[in-house]
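Report on the structure
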Amino acid sequence: MNMSEQSTTYPSQSVEWLKRLIAFDTVSRYSNLALIEEVQAYCISLGLEPVLTFNDTTDTEHSSNKANQSKANLFVSVPAGGGLADTASATIKGGIVLSGHTDVVPVDGQDWLSDPFKAEIRGDKLYGRGACDMKGFIACALNLLPQAVALSQQGRLRKPLHLALSFDEEVGCLGAPLMLEELSQRGINPDYCIVGEPSSMKMVVAHKGISVFRCSVHGKSVHSSLTHQGVNAISYAAKLIGFIDELASQLAESDQVDPMFDIPYSTLSIGTIEGGTATNIVPNLCEFTFDYRNLPSMGTQDILPVIEQRITELNQQMQQVDSQTGIKIEQLESVPAMTDTESEALQQLIAGLVQSSARHKVAYATEGGQFTNAGIATVICGPGSIEQAHKADEYVELAQLAECDDFLQKLLQSLQS
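The structure reproduced in this document is the subject of the present report. Predicted model, so just to flag it, every value in this text is computed and none were measured.

Rules used in this analysis
- Here the residue numbers are simple positions, counted from 1 along each chain's written sequence.
- Whole-chain, interface and lining totals are the exception, using all residues; otherwise, since this is a predicted model, local features are given only for residues with pLDDT of at least 70 and side-chain atom pairs are given and counted only at 80 or more.
- Remark: hydrogens and water are excluded; side-chain values derive from all non-hydrogen atoms of the structure.
- Only DSSP runs of H or I covering at least 4 residues are called helices, and only runs of E covering at least 2 are called strands; the numbering of each starts at the N terminus.
- Here the radius of gyration uses the C-alpha set of atoms, whereas the globule reference equals 2.2 Å times the residue count to the power 0.38.
- Throughout this description, buried means an accessible area under 20% of the type-specific maximum (1.4 Å probe, protein chains only), exposed means over 50%, and partly exposed covers the range between.
- As used throughout, the charge tally considers Lys and Arg to be positive and Asp and Glu to be negative, leaving His and the chain termini uncounted.
- Think of each charge as sitting on NZ of Lys, CZ of Arg, CG of Asp or CD of Glu.
- Whether two strands pair depends on DSSP finding at least two bridges between them.
- Axis lines are fitted to C-alpha atoms, over the contacting stretch for helices. Their N-to-C directions set the angle, which ranges from 0 to 180 degrees.
- Note on contacts: a residue pair qualifies if any of its non-hydrogen atoms lie within 4.5 Å across the two residues.
- Centres within 6.5 Å are what make two rings of Phe, Tyr or Trp a pair, Trp counting through its six-membered ring; a difference in plane orientation under 30 degrees is then read as stacked, over 60 as edge-to-face, and the rest as tilted.
- Charge-over-ring contacts are defined here by two conditions on Lys NZ or Arg CZ: a distance within 6 Å of the ring centre and an angle within 35 degrees of the ring normal.
- Any two cysteine sulfur atoms within 2.5 Å of one another count as a disulfide.
- Should an angle lie under 35 degrees it is considered roughly parallel, over 145 roughly antiparallel, and from 65 to 115 roughly perpendicular; all remaining angles are considered oblique.
- By the definition used in this description, the sense in which the near helix is turned from the far one sets the handedness, with an anticlockwise turn below a right angle giving left-handed and a clockwise turn giving right-handed.
- Read the arc as the range of directions from the helix axis to the C-beta atoms.
- Residues adjacent in sequence count toward polar contacts only when both atoms are side-chain atoms; beyond that, a polar contact is any pair of N or O atoms within 3.5 Å, and within protein one must be able to donate a hydrogen and the other to accept it.
- In this text, buried Ala, Val, Leu, Ile, Met, Phe, Trp, Tyr and Cys residues form a nonpolar core when linked through side-chain atoms within 4.5 Å.
- Here the expected length of a helix is defined as 1.5 Å per residue gap, with one fewer gap than residues.

Attention now goes to the overall build of the protein. On a plain count of helices and strands, the protein comes out with 10 helices and 15 strands. Relative to its length of 417 residues, the protein is compact, with a C-alpha radius of gyration of 24 Å against a globular reference of 22 Å. Once the C-alpha set of the protein is aligned to its principal axes, its extents read approximately 80 × 50 × 45 Å. Scored against the burial criterion, the 417 residues of the protein give a buried share of 52%. Across the protein, the centroid of the 27 positively charged side chains sits 2 Å from that of the 50 negatively charged ones.

On to the sheet that holds strand 12 (residues 326-335), then. What the four strands build is an open sheet, ordered 10-11-9-12; its pairing is antiparallel. Looking along the sheet, the strands with just one partner apiece sit at the ends: strand 10 (267-275) and strand 12. Across the sheet, the mean angle separating the axes of adjacent strands is 20 degrees when strand polarity is ignored. Note: strand 9 (residues 209-218) against strand 12, nine bridges, orientation antiparallel. Following the sheet pairing, Arg214 is matched in strand 12 by Glu330. Sheet contacts for helix 6 (residues 233-253): strand 9, strand 10, strand 11 (285-294) and strand 12; angle to strand 11, the most-contacted strand, approximately 10 degrees.

The next point concerns the packing of aromatic side chains. According to the stated counting rule, one finds four aromatic pairs in the structure shown. Ring centres of Tyr127 and Tyr395 lie 5.4 Å apart, and the angle between their planes is 55 degrees; this geometry places the pair in the tilted category. Separated by 268 residues along the polypeptide, Tyr127 in strand 5 (residues 125-127) and Tyr395 in strand 15 (residues 395-397) bring together distant segments of the chain. Aromatic rings pair up to connect Phe213, Phe288 and Phe290 into one cluster. It is Arg20 that lies over the ring of Trp17; its NZ or CZ is 4.0 Å from the centre.

Attention now moves to the state of the cysteines. All chains considered together, the criterion is met by zero disulfides. Free of any disulfide, Cys173 has its nearest cysteine sulfur in Cys193, 12 Å distant. Among the residues examined, Cys173 registers a relative accessible area of 4% and is labelled buried. In this model Cys404 remains outside any disulfide bridge; the closest cysteine sulfur is found in Cys140, 3.8 Å from its own.

Here we come to the environment of Leu178. With respect to the helices, strands and loops of the structure, Leu178 is situated in helix 5 (residues 176-186). Judged by its relative accessible area of 28%, Leu178 falls in the partly exposed class. Considered as a pair, Leu178 and Phe54 are 124 residues apart in the sequence and their alpha carbons are 8.0 Å apart. In this structure Leu178 touches Thr53, Phe54, Asn55, Asn73 and Phe167, once residues within four positions along its chain are discounted.

The N-to-C vectors of helix 2 (residues 12-22) and helix 4 (residues 135-153) enclose an angle of 130 degrees; their axes lie 8 Å apart at closest approach. Judged by the angle between their axes, helix 2 and helix 4 are oblique. For the pair helix 2 and helix 4, the crossing hand works out as right-handed. Packed against helix 2, whose contacting residues are Gln13, Ser14, Trp17, Leu18, Leu21 and Ile22, the element helix 4 presents Lys135, Gly136, Ile138, Ala139, Cys140, Leu142 and Asn143 at the interface.

Moving on, we get to helix 2. Within helix 2, burial applies to Ser14, Val15, Trp17, Leu18, Leu21 and Ile22. The buried residues of helix 2 occupy one face: seen down the axis, they fall within an arc of 160 degrees. Summarising the contacts, the buried residues of helix 2 are in contact with helix 3 (33-45), strand 4 (120-122), strand 5, helix 4, strand 15 and helix 10 (398-414).

Within the secondary structure, Ser211 is located in strand 9. A distance of 3.5 Å separates a polar atom in the side chain of Ser211 from a polar atom in the side chain of Gln331. If near-sequence neighbours (up to four positions away) are discounted, Ser211 is found in contact with Phe290, Asp291, Tyr292, Thr300, Gln331, Glu333 and Ser334.

This part covers the nonpolar core. Judged by nonpolar contacts, the single largest core of 66 residues is most densely connected at Leu98, Leu126 and Ile194. Examining the composition of this core, we find that 11 residues originate from one element, helix 4, more than from any other. Beyond its immediate sequence surroundings of up to four residues, Leu98 is in contact with Phe137, Ala141, Leu144, Leu161, His162, Leu163, Ala164, Ile194, Leu408 and Leu411.

With that settled, the discussion passes to helix 3. For helix 3, with 13 residues, the first-to-last C-alpha span of 18 Å sits near the 18 Å given by 1.5 Å per residue. Every buried residue of helix 3 is accounted for by Leu33, Leu35, Ile36, Val39, Tyr42 and Cys43. Buried residues along helix 3 sit against helix 2, strand 1 (51-54), strand 2 (72-78), helix 4 and strand 6 (161-166). One or two residues past the end of helix 3 sits Gly47, with phi positive at roughly 90 degrees.

Structure representation (structure tokens):
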């Protein structure tokens, strides 16, 4: 099958949208405004009223501050009942959110066979940064909007359909909380949310949370022949790292487990370490990071107090030599776990729309936990495999886009009166 035949076999509008989205270099360190403005103009052309929330919202009334607004979320509603004229009325309460993040991870140091920001179809796959994580789902959602608008105009949409696009998911899920706060202030209370992260179009009902910490160990430098006069920051970092590793072993052996996860317990993992200047100098600084991936039933309260207690003990030892030494810990990221405690009705709905009704739980985190914390029952279901995310030659199978289009068509039918 040649490429032209392939492109007409699958949902061409979703494919075309995906090509357009990939062409925007929305690596998290850059702005996503060009993509957002493209989608904003598209929504307005359909008669919709998208609302943007920016990364700097301190003074949105004054143009002098607009230079600080380098990124934006977009939220738009296709209202039920009386049609598009009712966008600001009570008809936007309830309904289903289709959620996706617009940022992608960098391509630095990766060896791509094609331009990562120019979509290329090879065989039965579409390649490009963000093809599966997660512009493929966004493309399918955008392709669905005109049909939803037509139903709304005909008075046939029983419940609203919402589209939520966020920024900076890949660097700590920073954009979604601003959008959720805006929705709360506007009185928009969706019933459900579908986060279209790549799940091979399988239903994911829960995921672990992620907390990232940095420990800074401040010692005292002396010549290495006078070790008793110094405080070795690397040695004390090693003591704390050993304690954290032991705590990780305890978590693996505890009775706090959920067998639906591939790794059924909460985990701790040391990620980076840096310290020292020369072998003959007792180091005065060592920093390391670690992450905690917790089951939905657990939280930082299950590990942080014991780590802080060990830090207190080590600080006492260090300060016997020099009162200016010590260890500080700070939290760099916090992404909440997504729970399945309130989503049974949504799970039943999704089970009737996907090819398999099986429920899955995953270790990777999404914005789903932020939606569930906001009281919106959420599941994850999107095209592509998480195994392709963040890699060189990231791709989504065209068949997965077709399956996602079919899924969204069925979802839209479920919203009709």
